[in-house]
Amino acid sequence: MGTDDKQRRLINSHENSRGFYLQKFRLYETRSNFYMVGWDKTRTFWKVLKIDRLEPSELIIHEDPTSYSEIECLDLLKRIHEGNRSTGGLKFISRCYGIIGFIKFLGPYYFLVITERRKIGKICGHAVYAITKSEMFPIPHSTLLSNMAYSKDENRYQKLLHMVDLTKDFFFSYSYPIMISFQKNLSSSETGLTLYETMFVWNEFLTRGIHNQLQNTLWTVALVYGFFKQVTLTISAQDFILTLIARRSRHYAGTRYLKRGVNEKGHVANDVETEQIVFENVREGSPVGVSAVVQNRGSIPLFWSQETSRLNIKPDIILSRKDLKFEATKLHFEDLIQRYGNPVIILNLIKTREKRPRETILRAEFANAIDFINKDLPEDNRLRFLHWDLNKHPRIKATKALLRLGEVAINALELTGLFHCQLIPTSRSGELLKLSSIGCDSSGDHVEKDLYEMDVEVDNGSDDLRGAYHVKLSTVQKGVLRTNCIDCLDRTNVGQYAYGLVALAHQLHALGFIDVENIDSHSPIAHDLMRIYEEMGDTLALQYGGSAAHNKIFSEIRGQWKATTTSQEFFRSLQRYYSNAYMDPEKQDAINVFLGHFQPQEGKPSLWELNPEQHYDVRMHGSSLTAESSRSFIKRSLSEGNISCGSSSHGKDTDIDQTEDTHQPLTVCGKGGCKGISESTPEISTRDTDISFTRYTPSMSGGQLFHDMQLEQCLGSGSVKFHECADLFDTSNFLDVDWLSSSGNSCEEETYESSLAYSLSQKQEVQFSCWYYCNTKDPNFRNHAT
């Protein structure tokens, strides 16, 4: 009895800690229910979730409020098995690592779970994982499934969902809010449920149903889509850990041409937050310095689009809607200021002169928009706008181009600063960290002067990070650099690398690795960083544009043979053209279904039956694939908001996690076994509990992973209200550098674009189609190429 009491006290202590979360699960089924059993890493507390399988069209989920020991949980499962022996008993289905979400098309609900994962990094002891395998299960028992579950449309929606490859570029963490930046994790008061509502959680729609019913995020994982890379690098014979994270926004997500510009809510296409974090590589229990910097990329925040024929590789750019007061553009920059504070610095890399106006149309309108927005703003709060045509001098050396971009980065970094702190262990090295907040004045406002003077004692709910720490804060980032070209892919990635290199020098200097805030662009560390940014650029370009990025400048810096580079750029242009013209429409449909922008309803038009007159966010759908392939003209979507159809509810540095569970699947009891409970008898204990659980620490905000600094108050990042008033736009509020003048720009085209700057004839298109199919062996291309 004494042992049971001790175990129960241990379970209760875990429940009341702020580090309560589950990370391993087992899925079982009876004829009437699915049962998911989850436990923590220490196998101390066990929870049970029940999903009703008797309701064919509704989602009904119950969570047992009791936390069990392992022995108690096994006993409960045995009783459930015995109670359902007459209908087949309790059967083991799969080992899981979290619920991705639930979805319904025209038939039953389905739920998606992670069945295999791999560890790709760690942030202050908090593990970060990628999905290597997932499964989708229909919830109702097969005997209850209607004919609708096997219909042609239902199968087509399932195939669309499966097009979103969860094993590529999705990542998550059980204990660290990976969807928000390191600095914001220190300052944010957001907790479990609200964290899922952020713009970077791609399965927010899929998890909405379970969160609404349970009011916690204990069973789900928050998936971030983009890029994650963590490596150990060396400078001056010292190791440090570099983490590069790119988070794609879900709000106006899609593919090139089908998602351009801004929507009415101020969300832009291809909106990506890039965070570069540097950690000292020290032994566990030693003081560790941390520095982080964030930058942003996103489509030009205007209403614009492109309509293209399969015979025209370079379609015209069209300002599809005149927004005289630039309301959507204002909303976008208000959101940036809310997220990052002031100043917002805009680096616009599109062309300033062209023989045939394309990009210059957007350049002029973008300048007008910034001019309009800045009219009534105080000088200190104005948007800092800079044009620089990266193709102004086509024969300019790549190193010189990076040097000039580096000058922009230096000025931008001086304006925004970067985040830098130090975590210092105390003598309580054996105690699991628990987070606490720092002092506030009587009004509840943060005492900003104390931020840089006091050592803040914090605790942490991580299962890996142990020992109490003091946090010494040195500097914070206020504001952000926003970079764009036309697609925010190729030129933007070069600009972001230039900024990342300058930032890395400042980060390493702040951490004491180097004596000066400068890194030679030809040094090994610069080339290491360039390879990581190049990998990130390729990943983001594949996600949005359908091919790897054009890396002409990076290739030149590496000394790659020019003919090889030209050939590579040409092939990538063809690959991107093919993807945009033939593959993107279906990819966009899949994204719209996954994100919940389109929700099928019986009796309403199917997704593939809609046309631009019915909604703006998807391609022109034909009634059949034959009709689609027979078209020579593809209507590209405008950028005016989300789909509505009826009512809708709101590498070497990675290791594969191969930990095996010691808990084996439940075996069937032999004849004459123990008595069991029936399916109609309460199967799960209803003992009361005082705690409601959330994935990211039930009673703990995101900031309390270290402590609740409330940095957003000291940053002064409140939303700025823009007003409409007349005043001359002046770029002098950013930089005064002679070479940044926007006059006299060359109108010559980029090498890789000029090689494709013509319209293919019908004969040329057929020749290209046959060549591409032979070289890619893409089975999906055969139908389009015939």
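Residues numbered from 1 in each chain as written. Predicted model: local features only at pLDDT ≥ 70, side-chain atom pairs only at ≥ 80, totals over all residues. Heavy atoms only, no water.

A word on the overall build of the protein chain. Helices and strands together make up the secondary structure of the protein chain, namely 18 helices and 25 strands. Residues counted as buried form 59% of the 786 residues belonging to the protein chain. Split by element, the accessible area of the protein chain, about 31,800 Å² in all, is 49% carbon and sulfur. (Helix = DSSP H or I, 4+ residues; strand = E, 2+ residues; numbered from the N terminus. Buried < 20%, exposed > 50% of the residue type's maximum accessible area, 1.4 Å probe, protein only. Areas by Shrake-Rupley, 256 points an atom, 1.4 Å probe, with all protein chains shown as cover.)

Turning to the environment of asparagine 216, a few remarks are in order. Following the sequence through the fold, asparagine 216 ends up in the loop between helix H6 (204–214) and strand S10 (224–235). Its relative accessible area of 2% is what places asparagine 216 among the buried residues. Measuring from C-alpha to C-alpha, the distance between asparagine 216 and leucine 193 comes to 6.3 Å, with 23 residues separating the pair along the chain. At a separation of 3.0 Å, a polar atom in the side chain of asparagine 216 contacts the main-chain amide nitrogen of leucine 218. (Polar contact = N/O pair within 3.5 Å; in protein donor to acceptor, adjacent residues only side chain to side chain.)

This brings us to the confidence of the model for the protein chain. Within the protein chain, residue pLDDT values average 74, and 63% of them lie at 70 or more. Here residues 776–786 scores under 50 on pLDDT; set against residues more than four positions off or in separate chains, the count is 17 contacts. (pLDDT = per-residue confidence, 0-100. Contact = heavy atoms within 4.5 Å.)

A separate point is the side chain of asparagine 342. Looking at the secondary structure, you find asparagine 342 in the loop between helix H7 (327–340) and strand S17 (344–348). Residue classification places asparagine 342 among the buried residues on the basis of a relative accessible area of 16%.

Under the 1.5 Å per step criterion, the end-to-end length of helix H8 (residues 359–374) is 23 Å for 16 residues, consistent within 8% with the ideal 22 Å. Most of H8 sits out of view: 13 of its 16 residues are buried. (Expected span 1.5 Å × (residues − 1).)

In this section: the sheet that holds strand S5 (residues 91–96). Strands sit in the order S4-S3-S2-S1-S5 across an open sheet of five strands; the sheet is antiparallel. One side of each edge strand has no neighbouring strand; the edge strands of this open sheet are strand S4 (61–63) and S5. Within this sheet the neighbouring strands show an average axis-to-axis angle of 20°, counted without direction. Relative to S4, strand S3 (residues 46–52) runs antiparallel, the two sharing three bridges. Looking across to S4, one finds that leucine 49 is bridged to glutamate 63. Against the sheet, helix H2 (residues 70–83) contacts strand S1 (24–29), strand S2 (33–39) and S3, and its axis sits at roughly 25° relative to S3. H6 contacts S3 and S4 of the sheet and is inclined by roughly 50° relative to S4. (Pairing = 2+ DSSP bridges. Axes fitted to C-alpha atoms, helices over the stretch in contact; angles between N-to-C directions.)

The subject of this paragraph is the packing of aromatic side chains. Taken as a whole, this structure holds 24 aromatic pairs when the rule is applied. On the basis of an interplanar angle of 65° and a centroid distance of 4.9 Å, the ring pair of phenylalanine 366 and phenylalanine 385 is categorised as edge-to-face. Of this pair, phenylalanine 366 sits in helix H8 while phenylalanine 385 sits in strand S18 (residues 384–387); the two residues are 19 residues apart in sequence, bridging distant segments of the chain. Residue phenylalanine 366 shares its accessibility class with phenylalanine 385, and that shared class is buried. Through a chain of ring-to-ring contacts, three or more aromatic side chains come together here, namely Phe105, Tyr110, Tyr157, Phe598 and Trp608. Here arginine 53 stacks its cationic end above the ring of phenylalanine 34, 4.2 Å away from the centre of that ring. The ring centre of tryptophan 608 lies 4.3 Å from the NZ or CZ of arginine 156, which sits over that ring. (Phe/Tyr/Trp six-rings, centres within 6.5 Å; stacked < 30°, edge-to-face > 60°. Lys NZ or Arg CZ within 6 Å of the ring centre and 35° of its normal.)

Quick look at the pattern of salt bridges now. Close approach of charged atoms lets side chains of opposite charge pair. Going through the model one piece at a time under the given rule, you end up with 18 salt bridges. Between arginine 531 and aspartate 528 there is a salt bridge, with its nearest N and O atoms 2.3 Å apart. One end of the pair, arginine 531, and the other, aspartate 528, are both in helix H11 (residues 524–545), three residues apart, so they sit about a helical turn from each other. A residue is classified by how much of its surface remains accessible, and arginine 531, at 45% relative accessible area, is partly exposed. (Salt bridge = Lys/Arg side-chain N within 4 Å of Asp/Glu carboxyl O.)

Here the focus is the side chain of threonine 274. Looking at the element boundaries, threonine 274 is found in strand S12 (residues 272–280). Among the polar contacts made by the side chain of threonine 274, one reaches the side chain of glutamine 496 at a distance of 3.2 Å. When near neighbours in sequence (up to four residues on either side) are disregarded, threonine 274 contacts Leu244, Ile245, Ala246, Val293, Val294, Gln295, Gln496 and Met536.

A few words on the pairing of S2. Burial analysis of S2 places seven of its seven residues in the buried class, which makes it a mostly covered element. Every second residue of S2 is oriented toward a common face, with Asn33, Tyr35, Val37 and Trp39 on one face and Phe34, Met36 and Gly38 on the other, all of them buried. In the sheet, S1 pairs with S2 via six bridges, with the strands oriented antiparallel. Looking at the pairing, glutamate 29 lines up with phenylalanine 34 of S2. Turn length for the S1-S2 hairpin, with the two strands adjacent in sequence and antiparallel, is three residues.

This part takes up the nonpolar core. Membership of the largest hydrophobic core comes to 74 residues, with the highest contact counts inside it found for Phe240, Leu242, Phe333, Leu504, Leu508 and Ile519. Broken down by element, this core gets its largest block of residues, 10 residues, from helix H10 (residues 490–510). When near neighbours in sequence (up to four residues on either side) are disregarded, phenylalanine 240 contacts Val231, Thr232, Leu233, Thr234, Ile235, Val278, Phe279, Asn281, Leu504, Leu508, Phe513 and Ile525. Among the nonpolar cores identified, the runner-up in size contains 37 residues, and Leu160, Phe172, Ala590 and Leu595 belong to it. (Core = buried A, V, L, I, M, F, W, Y, C linked by side-chain atoms within 4.5 Å.)

It is worth spelling out the packing of H10 against H11 at this point. Look at H10 against H11: their axes get within 10 Å of each other, and the N-to-C directions meet at 145°. Read as a crossing pair, H10 and H11 show a hand that is right-handed. Contact with H10, carried on its side by Asn493, Gln496, Tyr497, Gly500, Leu501 and Leu504, involves Ile525, Ala526, Leu529, Met530, Tyr533, Glu534, Met536 and Gly537 of H11 and no other residues of that element. Grouping the constituent residues of the contact of H10 with H11 by class yields nine nonpolar, four polar and one charged. (Left-handed = near helix turned anticlockwise from the far one by under 90°. Nonpolar A, V, L, I, M, F, W, Y, C, P; charged D, E, K, R; others polar.)

To continue, consider H11. Look at H11: 30 Å from first C-alpha to last across 22 residues, which is about the 32 Å you get at 1.5 Å a residue. Backbone geometry just after H11 places glycine 546 at a positive phi near 90°.

A few words on the pairing of S3. Most of S3 is tucked away, with seven of its seven residues classed as buried. Alternating residues of S3 divide into Trp46, Val48, Lys50 and Asp52 and Lys47, Leu49 and Ile51, and every residue in both groups is buried. Pairing between S2 and S3: seven bridges, direction antiparallel. Residue pairing for S3: phenylalanine 34 is matched across the bridge by isoleucine 51.

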